[in-house]
Amino acid sequence: MPKSEIYIELDGPKDYLEILDGEKFRNSKVQINVDGKKLRIKIDSENPKALISAIGNVAKQIRIIEQTAELFKDK
């Protein structure tokens with residue numbers, strides 16, 4: 001069973017947790033926790049393809065949240 005653990009340092013990681021916590025992933029179990037100023041993401045997948053897909057989806061969602069936050073900062 002492929003696994004991955006990712007730490008991403010962010011300003012206000014609790015805000016990201018609130019948005020990402022409800023996400024569902026097919027063929028993968030994703031746990032997201034806050035560890036200080038870091039977002040800790042643990043992924044357990046059924047196969048390598050599902051692992052890569054889950055990692056990509058989480059990264060994309062964080063990027064979208066960051067871009068949306070930047071839009072609100074500018075206004």
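Below is a summary of the structure that appears in this document.

Criteria and cut-off values
Residues numbered from 1 in each chain as written. Predicted model: local features only at pLDDT ≥ 70, side-chain atom pairs only at ≥ 80, totals over all residues. Heavy atoms only, no water. Pairing = 2+ DSSP bridges. Helix = DSSP H or I, 4+ residues; strand = E, 2+ residues; numbered from the N terminus. Axes fitted to C-alpha atoms, helices over the stretch in contact; angles between N-to-C directions. Contact = heavy atoms within 4.5 Å. Buried < 20%, exposed > 50% of the residue type's maximum accessible area, 1.4 Å probe, protein only. Salt bridge = Lys/Arg side-chain N within 4 Å of Asp/Glu carboxyl O.

Overview of the sheet that holds strand β3 (residues 38-45)
Okay, step 1: Pairing within the open sheet is antiparallel, and its three strands lie in the order β1-β3-β2. Each of the sheet's edge strands pairs with one partner strand only, and the pair in question is β1 (3-9) and β2 (28-35). Taken over all neighbouring pairs, the strand axes of this sheet differ in orientation by 15° on average, direction set aside.
Okay, step 2: In the sheet, β2 pairs with β3 via eight bridges, with the strands oriented antiparallel. Its bridge partner being in β3, V34 is matched across the sheet by L39.
Okay, step 3: Packed on one face of the sheet, helix α1 (residues 13-20) meets β2 and β3 and runs near 155° to β2.

Some thoughts on unusual backbone geometry
Okay, step 1: One non-glycine residue, N27, lies in the positive phi region at around 65°.
Okay, step 2: Along the chain, N27 turns up in the loop between α1 and β2.
Okay, step 3: By relative accessible area, N27 is classed as partly exposed at 33%.

A closer look at the pattern of salt bridges
Okay, step 1: Counted according to the given criterion, the structure contains one salt bridge.
Okay, step 2: In this structure, D11 engages K37 in a salt bridge whose closest nitrogen and oxygen atoms are separated by 3.6 Å. Of this pair, D11 sits in the loop between β1 and α1 while K37 sits in the loop between β2 and β3, and the two are 26 residues apart along the sequence.

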